[in-house]
Amino acid sequence: MSDQEIAVLKRALQRERLARKKAESILEQKASELYDTSQELKKSNLALQSLLREKSSELKGVFENLVDAYVVMDLFGNVVKMNEAAEDLLGFRMEEEEVNLMSMAHPSEVDRVIQAFDKLMKEDSVANFEVRIKTLRGESKTVHINASLIRDEQHKPIAAQGIVRDITELMQLQKQKEELLESLGRSNEELSDYAHVVSHDLKSPLRSIDALVTWILDDNKETLDETTLANFDLIKQTLEKMEQLISGILEYASATSMDQKMLAVNVSDLIHGSIQMLHVPPGIQIEVDSGLPQVMCHPTKIQQVFQNLIGNAIKYMDSDAGQIHVGYQERDSHHEFFVKDNGPGIGQEHHQTVFKVFQSVSPKSSSSGVGLSIVKKVIEFHGGKVWLESVPDKGATFFFTLKKDL
Amino acid sequence: MKGIVFTEFLDLVEEKFGLMTLDEIIEKSDLPSGGSYTAVGTYEFQEMLQLVTNLSAVTGVSVDDLLMTYGEHFFKVLEKSYPHFLEQYQDPLGLLSSIESHIHVEVRKIYPDAELPKFEVLDLTESTLVMMYRSSRALYKFGLGLMHSTFAYFGEKAEIEAEKIEEDGSVVKFSIHKI
């Protein structure tokens, strides 16, 4: 072998040796990188496992502590998982029995359950489905169900889940409430009819008495003395008062009849309407604030309220320079109105009783004693309040409120 | 450039021209690596350029022919190292047309720093494929050699025309017709 060949071989060997060392060092480095990466992976794997455990335990907690019954079914309606609330409601245990959705449907509801299950499969969810079921203990219950499909990562449906709420009691209460309301409506109607009948029946004997008294007077005008005539006059006045009282009963009974609809009305129009219906003597000034609101109410009823309050202020006015002021103040949730006068005022001891039926404070014969009680009844019907402030001899102010969101 | 391209090149030179020629071209080149390569290393492209140029000077074979021959040889390396990869293809045009969209995507997963040429498919029919090659390395002849071997692998034949769009060979249009 020539020297040259030996030199070439030596160089080739040297190159191979260097290449091997280089490769070893690169591989060493790669191995170390791999080790590091594997350590990192191990760490994150542990973290993920712990997160998974944590989430699983959270989910298990939610599942078990859910107050409502939670049921998971396969796509054929076989119950595959349920929580304790569901076991209580449906009356069986997963470990003991295999149960299908259809076996829980009340016989009369089978068609609706099939339809709802079809809808769930087609539309992914069923909301607010109320249905009667028969539990495995044989009880009939009404339940409210919200259900949805569970899909896998490929979006393929794999199961269905539902929250089932027992509304049996709620439905019974609802039914009771409806029955109660209906019976209440009937009693109210009967009461109103009764008031009409009574007032009519009471008025006719009154009219007969009135006619008889008139005849006796006409027949015996010449022979009766002053005292007797005066007594006859008193009888007639009492009869008139009686008639007013009976009319008052009727008026009070029909004060909140529901014949009329709630409307948005301009209060200013109502007030001016009621003033027109009243006889205002020359010595009395009525001032009405401007800028009154529109309110939702039964217009004729509220007009009647203003008419009664302003009418009272006029009726009992004892001053030659009578002042009546109708005003308004806006409150957060209410409209507040007032009717203020400079009449005789009302003593503190009467502030509550004036609103009671037939509790007229005044001896005036023209008072039926129902006006303010009608006011109170109408205002309360509108969700408002009525009260008064007064200093005797200085006047009285009647306040009332109307709810804004009627 | 990946080390395997160098080690395979040196093996081929030694096989075809002998150890003396291999030693000569290494000694003639100014190589930062000293001509000592490992398949798992990465080296300057400049070193390959010098080796090929010097081999051409020593043997009198043109650089283009040397690169094409090397390309034909290099396919065998791929066949040996990645057989399952080639098995995914039923025909040569299917393989060649998915260099950019599939093969290079996978290569980058293993070698994120690999500097790869671009192969843009301009036209593909049952029997023809037109692709635009783009690379600052201008190694289209190497690519041509790989293409020939691809057809040989599938037992098929083709006429491959390489039209230089840029004079330096950095952009070349390949028109491949199956025969």
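Each chain has its residues counted from 1, following the order in which its sequence is written. Lettering for chains starts from A, numbering for ligands starts from 1, and both go in the order in which the items are written. Residue-level local features of this predicted model are given only where pLDDT is at least 70; pairs of side-chain atoms are given and counted only at 80 or more, and the full residue set underlies all totals for whole chains, interfaces and linings. The side-chain figures draw on all heavy atoms in the structure; neither hydrogens nor water molecules are used.

Before going further, it helps to examine the nonpolar core. Note on terminology: a nonpolar core comprises buried Ala, Val, Leu, Ile, Met, Phe, Trp, Tyr and Cys residues joined through side-chain atoms within 4.5 Å. Type-normalised accessible area, obtained with a 1.4 Å probe on protein chains alone, sets the label of each residue: buried when under 20%, exposed when over 50%, and partly exposed for intermediate values. Ranked by size, the top nonpolar core spans 47 residues in total, and within it Phe 9, Leu 51, Leu 96, Met 147, Phe 174 and Ile 176 of chain B carry the most contacts. We call two residues contacting when some pair of their heavy atoms lies within 4.5 Å. Residues in contact with Leu 96 of chain B, not counting those within four places in the same chain, are Leu 129, Met 131, Met 147, Thr 150, Phe 151 and Ile 176 of chain B. If you look at the next biggest cluster of nonpolar residues, it comprises 38 residues, including Ile 275, Cys 297, Ile 324 and Tyr 328 of chain A.

We now examine the packing of aromatic side chains. Residue and element names in this part refer to chain B. Each aromatic pair joins two rings of Phe, Tyr and Trp (for Trp, the six-membered one) with centres within 6.5 Å, and gets the label stacked for planes under 30 degrees apart, edge-to-face for over 60, and tilted for any other angle. Per the stated rule, a full pass over the model turns up 19 aromatic pairs over all chains. A ring pair is formed by Phe 9 and Tyr 70, whose centres lie 5.3 Å apart and whose planes are at 75 degrees; its orientation type is edge-to-face. Within this pair, whereas Phe 9 is found in helix α1 (residues 3–17), its partner Tyr 70 is found in helix α4 (residues 63–81), the two being separated by 61 residues in sequence. Across the pair, exposure class does not vary: Phe 9 and Tyr 70 are buried alike. Put simply, DSSP marks the helices as runs of H or I at least four residues long and the strands as runs of E at least two long, and each gets a number from the N terminus on.

The next point concerns the confidence of the model for chain A. Every residue gets a pLDDT, meaning the predictor's confidence in that residue, from 0 to 100. With 96% of its residues at a pLDDT of 70 or more, chain A has an overall mean of 87. Mean pLDDT across the secondary structure elements of chain A bottoms out at helix α6 (residues 226–253) of chain A, with 84, and peaks at strand β10 (residues 334–341) of chain A, with 94.

What follows deals with the interface of chain B and chain A. Taken together, the contact between chain B and chain A spans 14 residues of the former and 13 residues of the latter. Buried area, as used here, totals the accessible surface that two parts lose on assembly, with accessibility defined by a 1.4 Å probe and the loss added over both. Regarding the contact of chain B and chain A, the summed buried area is about 1,100 Å², with carbon and sulfur atoms giving 66% of it. When the area that chain B buries against chain A is broken down by residue, the three leading residues are Met 20, Asp 23 and Ser 36 of chain B, summing to 41%. Salt bridge, as used here, is a side-chain nitrogen of Lys or Arg placed within 4 Å of a carboxyl oxygen of Asp or Glu. Here chain B is connected to chain A by 3 salt bridges. With a closest N to O distance of 3.3 Å, Arg 11 of chain A and Glu 27 of chain B form a salt bridge. Whenever two N or O atoms come within 3.5 Å, that pair is a polar contact, provided that in protein one can donate a hydrogen and the other can accept it, and provided that, for residues adjacent in sequence, both atoms are side-chain atoms. If you look at where chain B meets chain A, you find 5 residue pairs in polar contact (both at pLDDT 80 or more). Throughout this entry, Asp, Glu, Lys and Arg are counted as charged residues, while Ala, Val, Leu, Ile, Met, Phe, Trp, Tyr, Cys and Pro are counted as nonpolar. The remaining residues, Gly among them, count as polar. Residues of the side of chain B that touches chain A, tallied by class, amount to 7 nonpolar, 5 polar and 2 charged.

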